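# Observations on chain architecture
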Amino acid sequence: MSQGQDAVNRYIELLFARLTAKAQPQQMQQIIKQNIQTKRASAIDAIDFYDRLMLNITYFVDNKAAWQRLMRSTYGAGQVPKIGYAESEILAQQMQIRQNIAEKMDDYKKLFHAQYKALQVEEEAVVYDYAYASVEHSLRFDFLTLLTVDQDVKQVFAGEFEEILRIIEGYIAYYADQFVNKMELMED
């Protein structure tokens, strides 16, 4: 690995340290539990509850792809986006993702139901998968905001972009794991 890439990796590490230093895991847990309880209360049965969580996970996965496209089209092209541009792009993508999921909801549910049976899915697995996807989603977009407004942002251009993306995703997974592993999300 080149010195330039090492410096970029260290910069990304420091940004994540700044981002997560202010994180409030108890508040994250409370928000996620509240979202889970809302979905449980509005579901007609356990399968409907799982479907609601899985559709949200699908939304988060599609947002990850949109986030990566935005990162590639801006930072990957050597450009720091204006925060307003990034926010409007993400909002437009999220609206499109919601529409796509709504249009394909029945197909998704058929796929989910087959997975529930094949994998003998239990509630705890779906709840924690939802929590991971939710925390990763938040970290991804909070990191983009922090990166975009950081005065030293141009440091990222010293590295190879796909490696930078891999490093960022690694930190997102690491911190999501740290936060979610400390959460108590199941009903007593």
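First things first, this report covers the structure right here in the doc.

### Focus: the overall build of the protein chain
When helices and strands are counted, the protein chain shows 7 helices and 0 strands. Mapped in sequence order, the helices and strands of the protein chain form the string α-α-α-α-α-α-α. A fraction of 89% describes how many contacts in the protein chain between residues 6 or more apart in sequence connect residues 24 or more apart. When the accessible surface of the protein chain is totalled, it reaches about 10,700 Å², and 51% of it is carbon and sulfur. Separation between the mean location of the 20 positive side-chain charges and that of the 27 negative ones in the protein chain comes to 4 Å.

### Quick look at the packing of aromatic side chains
Taken as a whole and judged by the stated rule, the model has 12 aromatic pairs. Judged by centre distance (6.1 Å) and plane angle (15°), the ring pair of Y108 and F112 falls under stacked. One end of the pair, Y108, and the other, F112, are both in helix α5 (residues 105–119), 4 residues apart, so they sit about a helical turn from each other. For the pair shown, Y108 and F112 are each scored as buried. Geometry around W67 places R140 over its ring, the cationic atom sitting 5.7 Å from the centre.

### Section: unusual backbone geometry
Positive phi outside glycine occurs at Q120, with the angle close to 50°. Here Q120 shows up in the loop between α5 and α6 (123–149).

### A few points about the nonpolar core
Core analysis: the biggest nonpolar cluster contains 56 residues, and M71, L147 and I168 have the highest contact counts within it. Elements represented by at least two residues in this core include exactly α1 (3–21), α2 (25–42), α3 (46–73), α4 (83–103), α5, α6 and α7 (161–180). With 13 residues, the single largest contributor to this core is α6. Not counting chain neighbours up to four residues away, the residues in contact with M71 comprise G76, L144, L147, F161, L165 and I168.

### A few points about the environment of D142
Considering the arrangement of structural elements, one finds D142 in helix α6. Residue classification places D142 among the partly exposed positions, given a relative accessible area of 43%. Through-space distance from the C-alpha of D142 to that of Y50 is 27 Å; in sequence the pair is 92 residues apart.

### So, α2
In an α-helix there are 3.6 residues to a turn, and that puts residues three or four apart on one side. Look at α2: 26 Å from first C-alpha to last across 18 residues, which is about the 26 Å you get at 1.5 Å a residue. Those residues of α2 that sit buried are Q29, I32, I36 and K39. Take α2 and look down its axis: the buried residues cluster within an arc of 95°, on one side only. Those residues of α2 that are exposed and aimed more than 90 degrees away from the buried face are Q26, Q30, T38 and A41. Buried positions along α2 lie against α3 and α6.

Cut-offs and rules
- Residues numbered from 1 in each chain as written.
- Predicted model: local features only at pLDDT ≥ 70, side-chain atom pairs only at ≥ 80, totals over all residues.
- Heavy atoms only, no water.
- Helix = DSSP H or I, 4+ residues; strand = E, 2+ residues; numbered from the N terminus.
- Contact = heavy atoms within 4.5 Å.
- Areas by Shrake-Rupley, 256 points an atom, 1.4 Å probe, with all protein chains shown as cover.
- Lys, Arg positive; Asp, Glu negative; His and termini not counted.
- Charge placed at Lys NZ, Arg CZ, Asp CG, Glu CD.
- Phe/Tyr/Trp six-rings, centres within 6.5 Å; stacked < 30°, edge-to-face > 60°.
- Buried < 20%, exposed > 50% of the residue type's maximum accessible area, 1.4 Å probe, protein only.
- Lys NZ or Arg CZ within 6 Å of the ring centre and 35° of its normal.
- Core = buried A, V, L, I, M, F, W, Y, C linked by side-chain atoms within 4.5 Å.
- Expected span 1.5 Å × (residues − 1).
- Arc of directions from axis to C-beta.

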